Amino acid sequence: MVHQQSSPGRLSPSSDTQDMGMLLAPRLAHFAGVARTEHVTRAAREMRVPQSTLSRALVRLEEDLGVDLFARHGRTVSLTPAGRTFLASVERALAEIERAAEEVRADADPATGKVAFGFLHTMGAETVPGLLHAFRADHPGIRFSLVQNYGEAMLERLRAGELDLCLTSPVPDAPDLVARRLDEQRLRLVVPADHRLAGRRRIRLAEAADETFVTLEPGYGLRRITDDLCAQAGFRPRIAFEGEEAETLRGLVAAGLGVALLPPPAVPRPGVVELSVTAPKAAREIGVAWLAGRPDTPPVAAFKRFLLSKRGALLPA
């Protein structure tokens, strides 16, 4: 079979690759079916498409590529060398498409699907394991992809489609996100066990104005809250160390390297004393966020409902 170089359906070598892919994709399964049977009529019957439709699809595919893929022998066909080369790649591509389709179907399955869930490091030791345990009592087959990070990083991953939901603080206020406040967590001033304030139970934050602080790095929600609370108390904290994880900061405090505003630990740590802050109110809001306008799969919708049902009772008592 000979094709004219000016065939209107053919793409030039300089055509955009994405355009080529979009043009060829619907015809690849037809090509693979005929290549497998080497008979257009039989392939049409197996694929349940009209023979005329199948024949036209093959002709257009060859025109688009500018290459003969089949040699015709009456009602049968055989692959040309170019056709054999093309078939190997087509079969890999179709197998990958089928694998991807199975994966997304599996992830959306109401009973065994997957939720990509992000949360703060400080939620990881106790809060999140308790939530997952309670949720899986009624949804034992649902799987989770868990990500621990600081708030802004998780919001970026929400926007990139890498997370379905995240527990974060502060609760974000952005037009492209939906966020719901779930609970409030009191923060404490953590001081070394031999500190001058260690004998106290309560403290006004202004009394720590002359102390050296250890904090999370800029960009972390708890760092922003710490800076804001100190500003309300009338001072700017002198920062000696910046870290990425609250329990590391608690260790620095135990070593006598400063004081810190932190949420309660999952397990009490020796070497530190944790003081209630009476003024200003030292607390952070914990909320759940998701991307606005994105449809939920059944497992994501179920877990979202579960989290929202925990409003006011998210954190351990």
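Heads up: these notes are all about the structure in this document. (Residues numbered from 1 in each chain as written. Predicted model: local features only at pLDDT ≥ 70, side-chain atom pairs only at ≥ 80, totals over all residues. Heavy atoms only, no water.)

1. Details of the packing of aromatic side chains
Enumeration according to the criterion identifies 11 aromatic pairs in this entry. Arranged with centres 4.9 Å apart and planes meeting at 75°, the rings of F135 and F303 form a pair that is edge-to-face. Placement of F135 in helix α5 (residues 127-138) and of F303 in helix α9 (residues 298-309) is noted, with a sequence separation of 168 residues between them. Comparing F135 with F303, the two get one shared label, buried. In this structure F303 comes out as buried when scored by relative accessible area, which is 0%. (Phe/Tyr/Trp six-rings, centres within 6.5 Å; stacked < 30°, edge-to-face > 60°. Helix = DSSP H or I, 4+ residues; strand = E, 2+ residues; numbered from the N terminus. Buried < 20%, exposed > 50% of the residue type's maximum accessible area, 1.4 Å probe, protein only.)

2. Things to note about helix α3 (residues 51-65)
If you check α3, its first and last C-alpha atoms are 21 Å apart, about what 15 residues at 1.5 Å a residue would give, namely 21 Å. Once α3 finishes, G66 follows within two positions and takes phi at roughly 75°, a positive value. (Expected span 1.5 Å × (residues − 1).)

3. Considering the sheet that holds strand β5 (residues 165-168)
Strand order in the open sheet formed by five strands is β4-β3-β5-β13-β6, with mixed pairing between adjacent strands. Each edge of the open sheet carries a strand with a single partner, namely β4 (143-148) and β6 (177-186). Each strand axis lies, on average, 20° off the axis of its neighbour in the sheet, ignoring direction. Here three bridges tie β5 to strand β13 (residues 283-291), and the two strands are oriented antiparallel to one another. Counted as the bridge partner of C166 is A289 from β13. With respect to the sheet, helix α6 (residues 151-159) is in contact with β3 (114-119), β4, β5, β6 and β13, its orientation differing from that of β5 by roughly 165°. (Pairing = 2+ DSSP bridges. Axes fitted to C-alpha atoms, helices over the stretch in contact; angles between N-to-C directions. Contact = heavy atoms within 4.5 Å.)

4. Here's the deal with the nonpolar core
Judged by nonpolar contacts, the single largest core of 37 residues is most densely connected at F117, F144, L165, L167, F303 and L307. Put simply, the parts of the chain that give this core at least two residues each are β3, α5, β4, α6, β5, β6, β13 and α9. Not counting residues up to four positions away in its chain, the partners in contact with F144 are V115, F117, L132, F135 and F303. Core analysis: the second largest hydrophobic core is formed by 31 residues, V190, L205, C230 and L275 among them. (Core = buried A, V, L, I, M, F, W, Y, C linked by side-chain atoms within 4.5 Å.)

5. A word on helix α8 (residues 246-254)
Buried within α8 are the following residues: A246, L249, R250, G251, L252 and V253. Lining the buried residues of α8 we find β7 (188-192), β9 (212-216), β10 (238-243), β11 (260-262) and β12 (272-279). Here α8 starts with a cap whose side-chain oxygen sits 3.0 Å from the backbone nitrogen of E247, and that cap is E245. Remark: G256 follows α8 within two positions and exhibits a positive phi of approximately 80°. (Polar contact = N/O pair within 3.5 Å; in protein donor to acceptor, adjacent residues only side chain to side chain.)

6. A few points about the environment of M47
In this structure, M47 sits in helix α2 (residues 40-47). Distance in space between the C-alpha atoms of M47 and H30 is 8.1 Å, their sequence separation being 17 residues. M47 has contacts with A29, H30, G33, V34 and L54, leaving out every residue within four places of it along the chain.

7. Focus on the side chain of E211
Mapped onto the secondary structure, E211 falls in the loop between β8 (202-204) and β9. A distance of 2.9 Å separates polar atoms of two side chains, one belonging to E211 and the other to H195. Within the structure, the side chain of E211 is placed 2.8 Å from the side chain of R196, a separation counted as a polar contact. Residue contacts for E211: discarding those within four places in its chain leaves H195, R196, R238 and V259.

8. Focus on the sheet that holds β7
What the four strands build is an open sheet, ordered β8-β12-β7-β11; its pairing is mixed. Each edge of the sheet is formed by a strand with only one pairing partner; in this case those strands are β8 and β11. Taking the axes of each pair of neighbouring strands and ignoring which way they run, one obtains an average angle of 45° across the sheet. As paired strands, β7 and β12 are joined by five bridges and run antiparallel to one another.

9. Observations regarding the pattern of salt bridges
All told, the structure shown has 23 salt bridges when counted by the stated rule. Where E102 meets R105, a salt bridge forms, and the shortest distance between an N and an O atom there is 2.3 Å. Here the residue E102 and the residue R105 both occupy positions in helix α4 (residues 81-107), the gap between them amounting to three residues, near one helical turn. Classification of E102 by relative accessible area gives partly exposed; the value is 40%. R188 is the partner of E274 in a salt bridge, and the nearest nitrogen-oxygen pair spans 3.6 Å. Residue E274 is found in strand β12, and its partner R188 is found in strand β7; the two are separated by 86 residues along the sequence. Judged by relative accessible area, which is 21%, E274 ranks as partly exposed. R188 gets classed as partly exposed once you look at its relative accessible area, which sits at 31%. One network of salt bridges, with partners in common, ties together R181, E184, K281 and E285. (Salt bridge = Lys/Arg side-chain N within 4 Å of Asp/Glu carboxyl O.)

10. What about the packing of α5 against α9?
α9 packs onto α5 with a crossing angle of 120° between their chain directions and a minimal axis gap of 11 Å. Accordingly, the angle class assigned to the pair α5 and α9 is oblique. As for the relative orientation of α5 and α9, their crossing is right-handed in sense. Residues L131, L132, A134 and F135 of α5 form the contact with α9, whose participating residues are A302, F303, F306 and L307. When grouped by side-chain class, the residues that make up the contact of α5 with α9 number eight nonpolar, no polar and no charged. (Parallel < 35°, antiparallel > 145°, perpendicular 65-115°, else oblique. Left-handed = near helix turned anticlockwise from the far one by under 90°. Nonpolar A, V, L, I, M, F, W, Y, C, P; charged D, E, K, R; others polar.)

Structural measurements only, silent on function.
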